[in-house]
Amino acid sequence: MFRWGVLSTAKIAREQLLPAIADAQNGVISAIASRDAQKARALADRFGAPHAFGSYDELLASDTVDGVYIPLPTSQHVEWAAKAAEVGKHVLVEKPLALDAKDIVPLIAIRDRKKVLVCEAFMVVYHPQWIKVRDLIAEGAIGRLRHVQGAFSYYNVDPNNMRNNLDLGGGALPDIGVYPTVATRFSTGKEPNRVQATIERDKNFGTDIYSSIRADFGDFELSFYLSTQMAARQSMVFHGDKGFIEVASPFNAGLYDHHRIELHNQNHSEAQVFRFPGTQQYRLEVEAFARAAQGGKDEVFTLENSILNQKVIDAIFRAGEHDGWEKV
């Protein structure tokens, strides 16, 4: 069994990853660390973890842990991923891994030198609904793909939330802009050449709170909008000349809508519905990661893939500073 350690008692760890590890067939929660030892012990007791530490360094020094999950604020991801990999721990780090693509490059050298697995936690690429979207496009089910359209928004004006803290890596593009980007890249196997963007920032927080983005993939376009201060919505549509695919709840399946995709024909007279009830994408993610860390052949989200995705986000930020196209 793969022995997990978790750095931090963050909400996503409490509500998503720890329950996923507890349900996983090939992993156990071995240790939890927090800068507050009492919080670490309380969460460890809640999930039956035998070890709790009052510092992250203590957990990394423990021989009771094979790999760690890092849900710290974005600005600390690269630092602690590097520390964990240097001591021989496998690392699953919450997205976004970095705030600049070049910051990911040193992690590749550490990963290769220490022979550990280091992955950015994009749970969506493990969900069977996205694998089905990829397969349908590859099979020609919608003919020639011409346009991908996406949206991701929620409303959060809490000044104490890290998503509204620029110094911690907050903002809509780092938090949720990565999802339409990675979903399109995953589903099509293509990379964008250039982007255009309009970006609005909060006058008090300084974070980006609204973006409208256009990405040129050569054979097709991706357009999407994001916001951290709009009513909650998620949508992804892949539109071809012979049909289109709608993903009902693309990034938080089961929360925004059911686990399903719809394939519509050319004249909109027929539709096939593919359902994936009960899918736990976080459990699939941690199981695949653990298998790969232990020598399995599972497809995981590599650091090389992380660099490609972050390059798109970096280009969007640059594009938001001027009119016209920005090269990725």
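Everything below is about the structure shown above.
My aim in this report is to walk through the structure given alongside it, one point at a time. (Residues numbered from 1 in each chain as written. Predicted model: local features only at pLDDT ≥ 70, side-chain atom pairs only at ≥ 80, totals over all residues. Heavy atoms only, no water.)

1. Quick word on the pattern of salt bridges
In a structure, side chains of opposite charge can pair up when their charged atoms sit close to one another.
Alright, step 1. For the coordinates displayed, the defined rule picks out 18 salt bridges.
Alright, step 2. A salt bridge links Arg-194 to Asp-216, with the shortest nitrogen-to-oxygen separation between them at 2.9 Å. Of this pair, Arg-194 sits in strand E8 (residues 194-201) while Asp-216 sits in strand E9 (residues 208-216), and the two are 22 residues apart along the sequence.
Alright, step 3. Judged by its relative accessible area of 34%, Arg-194 falls in the partly exposed class.
Alright, step 4. On the basis of relative accessibility, which here comes to 13%, the residue Asp-216 falls in the buried class.
Alright, step 5. One salt-bridge network, in which partners are shared between bridges, spans Lys-95, Arg-163 and Asp-175. (Salt bridge = Lys/Arg side-chain N within 4 Å of Asp/Glu carboxyl O. Helix = DSSP H or I, 4+ residues; strand = E, 2+ residues; numbered from the N terminus. Buried < 20%, exposed > 50% of the residue type's maximum accessible area, 1.4 Å probe, protein only.)

2. Things to note about the sheet that holds strand E3 (residues 51-53)
Alright, step 1. With parallel pairing, the six strands of this open sheet are ordered in space as E3-E2-E1-E4-E5-E6. The sheet is open, and its two edges are formed by E3 and strand E6 (118-121), each paired on a single side. Neighbour to neighbour, the strand axes of the sheet diverge by 25 degrees on average, direction disregarded.
Alright, step 2. Of the strand pairs in this sheet, strand E1 (residues 2-7) and strand E2 (residues 27-33) are connected by six bridges, and their pairing is parallel. Looking at E2, one finds that Gly-5 is bridged to Ala-31.
Alright, step 3. Here helix H1 (residues 11-23) sits on the sheet in contact with E1, E2, strand E4 (67-70) and strand E5 (90-94), set at roughly 145 degrees to E2. (Pairing = 2+ DSSP bridges. Axes fitted to C-alpha atoms, helices over the stretch in contact; angles between N-to-C directions. Contact = heavy atoms within 4.5 Å.)

3. Some thoughts on the sheet that holds strand E7 (residues 145-155)
Alright, step 1. Ordered in space as E14-E13-E12-E11-E7-E10-E9-E8-E15, the nine strands form an open sheet in which the pairing is mixed. A strand with exactly one partner marks an edge of an open sheet, and here the two such strands are strand E14 (271-275) and strand E15 (326-327).
Alright, step 2. Taken together, the two bridges between E8 and E15 define a ladder with antiparallel strand orientation. Looking across to E15, one finds that Val-195 is bridged to Glu-326.

4. Structural notes on the layout of surface pockets
Alright, step 1. Quantified by volume, the largest pocket comes out at close to 1000 Å³.
Alright, step 2. Along the wall of the largest pocket there are 35 residues; nearest its centre are Lys-11, Ile-12, Asn-161, Arg-163 and Asp-175.
Alright, step 3. Listed by contribution, the elements that provide at least two residues to the lining of the largest pocket are H1, E7 and helix H7 (172-188).
Alright, step 4. It is H1 that contributes the most residues to the lining of the largest pocket, five residues altogether.
Alright, step 5. Its residues assigned to classes, the lining of the largest pocket comprises 17 nonpolar, 11 polar and seven charged.
Alright, step 6. Considered as a void within the structure, the second largest pocket measures approximately 320 Å³ in volume.
Alright, step 7. Every residue lining the second largest pocket is counted, 20 residues in all, and those nearest its centre are Val-125, Arg-134, Phe-186, Glu-299 and Val-300.
Alright, step 8. Residue assignment for the lining of the second largest pocket shows that the elements contributing at least two residues are helix H6 (128-139), H7 and helix H8 (281-293).
Alright, step 9. Counting residues per element, the lining of the second largest pocket draws most heavily on H8, at four residues. (1 Å grid on protein atoms, 1.4 Å probe; cavity = no way out; pocket = protein on both sides within 12 Å on 5 of 7 lines; lining within 4 Å. Points joined across faces, edges and corners; volume = space filled by probe spheres on them. Nonpolar A, V, L, I, M, F, W, Y, C, P; charged D, E, K, R; others polar.)

5. Thoughts on the nonpolar core
Grouped burial of nonpolar side chains is what soluble globular proteins tend to show.
Alright, step 1. Grouped together as the largest cluster of nonpolar side chains are 75 residues, with contacts concentrated most on Leu-92, Trp-130, Phe-238, Ile-245 and Ile-316.
Alright, step 2. At eight residues, H7 tops the list of elements feeding residues into this core. (Core = buried A, V, L, I, M, F, W, Y, C linked by side-chain atoms within 4.5 Å.)

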